[in-house]
Amino acid sequence: MSILKACLFLIFGLVITIGPAAAKIKVVTSIKPVHSLVSAVMEGVYKPDLIVTGASSPHNFSLKPSQAHVLEQANLVFWIGRDLEAFLVKPIVNIASNARSVELIKTEGLNRLALEGGHIHAQHDHDEHNDHDEHSIFDAHIWLDPENAKVLVKRIVIELSAVDPDNATTYENNGNDLVTNLSRLTEELEIAMSGLGGRKFITFHSAYRYFTERFGISAAESIVVLPEVLPGADRIRKIRDKARRSHISCVLTEPQYESNLAALVTEGTEIQIGMIDPLGAMLEDGPQLYFSLLRSLAESIRNCLLPTS
Ligand SMILES: [Zn+2]
């Protein structure tokens, strides 16, 4: 054996011994964006499981037996919270009874927006509320603000390190890298979204305020506030009238829902129809998904508001 080979052997040996320890924990995540952030923090240690795959929506999801089995084995479950993934409330108590449940919307330091319909204002919580009165007070789409993602990453690092202290250093290093990259993403999107103020668009459901408010775009009108309740003819008519009156640039549909509602809204108008995706239905799962998701969101809104004619 040459000296070079011997050296390489030694180096690889060292890397293996000082590298991250194999995780003894099973981690389950609810939706793709949460799965992406947890995957990035756990990179090199373990790939977390994902429940809401493909183009499913967490708003009206039902658990398959195989997914119940995955939950049964979990040590840690990361989800946004009862207002988004209502289907998880009972399984977390009954099936994932050995797991620690991390309801991310209850993370200290998050920018949380009050649900539409009343007075809209940003609110920072200073203490953990664990009471159930919080139900439906806050807009649950917190991940669509990359500054919120940074707060979530810090929480994810703490929760993982508590359950799997052997890998705490890896989680912390990955978390720090991720926070740096998220800051860069915010700066990148601030540039991408500049100059769009004043233009308006309509989305299927009320999901994008964390994004639009972060980047200074006019709040989007939505066909429904909560997708659990489909709009009636009356609501469609109101939105169509409003679209005509207030110079709406386009209507954005979502892969999780039928698009014929958009056609009803734009009927007899020049308003264009585009597509937007708050969950990353078409994107590959994993550490990079979160970044691709926000970039594609920015692109969808930009293309919608500034169509190339
Ligand atoms: Zn939603």
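Above this text you will find the structure in question.
Computed from a predicted model, the values in this text were never measured in an experiment.

J.: Got a minute to help me understand helix H8 (residues 233-245) in this structure?
T.: It helps to recall that an α-helix has 3.6 residues per turn; residues three or four apart then point in one direction. If you check H8, its first and last C-alpha atoms are 18 Å apart, about what 13 residues at 1.5 Å a residue would give, namely 18 Å. Every buried residue belonging to H8 is among Ile239, Arg240 and Ala243, and all of these are buried. Each buried residue of H8 lies within a common arc of 100° when the element is viewed along its axis, so the set occupies one face. Among the exposed residues of H8, those oriented more than 90 degrees off its buried face are Asp234, Asp241 and Arg245. As for H8, its buried residues are in contact with strand E7 (200-205), strand E8 (221-224), strand E9 (248-253) and helix H9 (260-266).

J.: In this structure, what is going on with the sheet that holds E8? I would like to understand it.
T.: Strand pairing in a sheet relies on backbone hydrogen bonds, with the paired strands running either antiparallel or parallel. With parallel pairing, the four strands of this open sheet are ordered in space as E8-E7-E9-E10. The strands lining the two open edges of the sheet, one partner per strand, are E8 and strand E10 (272-275). Adjacent strand axes in the sheet meet at a mean angle of 30°, parallel and antiparallel pairs treated alike. Contacts between H8 and the sheet are confined to E7, E8 and E9, with E8 contributing the most and set at about 160° to the helix.

J.: How do you make sense of the sheet that holds strand E4 (residues 100-103) when you look at a structure like this?
T.: Pairing is parallel in the open sheet, where four strands are placed in the order E2-E1-E3-E4. Strands with a single pairing partner mark the edges of an open sheet, and in this sheet they are strand E2 (49-50) and E4. Where strand E3 (residues 76-79) and E4 come together, four bridges link them in parallel fashion. Note that in E4 the partner of Phe78 across the bridge is Val102. Across the sheet, helix H2 (residues 32-41) touches strand E1 (27-29), E2 and E3, and the angle it forms with E1 is around 145°.

J.: Any chance you could explain the nonpolar core here in plain terms?
T.: Looking at soluble globular proteins, one finds that nonpolar side chains tend to be buried together. Val34, Leu37, Val41, Val77, Phe78, Ile80 and Ile156 are the most contacted members of the largest nonpolar core, which has 76 residues in total. Looking at this core element by element, the count peaks at ten residues for helix H10 (residues 289-305).

What counts and what doesn't
Residues numbered from 1 in each chain as written. Predicted model: local features only at pLDDT ≥ 70, side-chain atom pairs only at ≥ 80, totals over all residues. Helix = DSSP H or I, 4+ residues; strand = E, 2+ residues; numbered from the N terminus. Expected span 1.5 Å × (residues − 1). Buried ≥ 20, exposed ≤ 12 C-beta atoms within 10 Å, placed from the backbone. Arc of directions from axis to C-beta. Contact = placed C-beta atoms within 7 Å. Pairing = 2+ DSSP bridges. Axes fitted to C-alpha atoms, helices over the stretch in contact; angles between N-to-C directions. Core = buried A, V, L, I, M, F, W, Y, C linked by C-beta atoms within 7 Å.

Any functional reading would require information that these geometric values do not contain.
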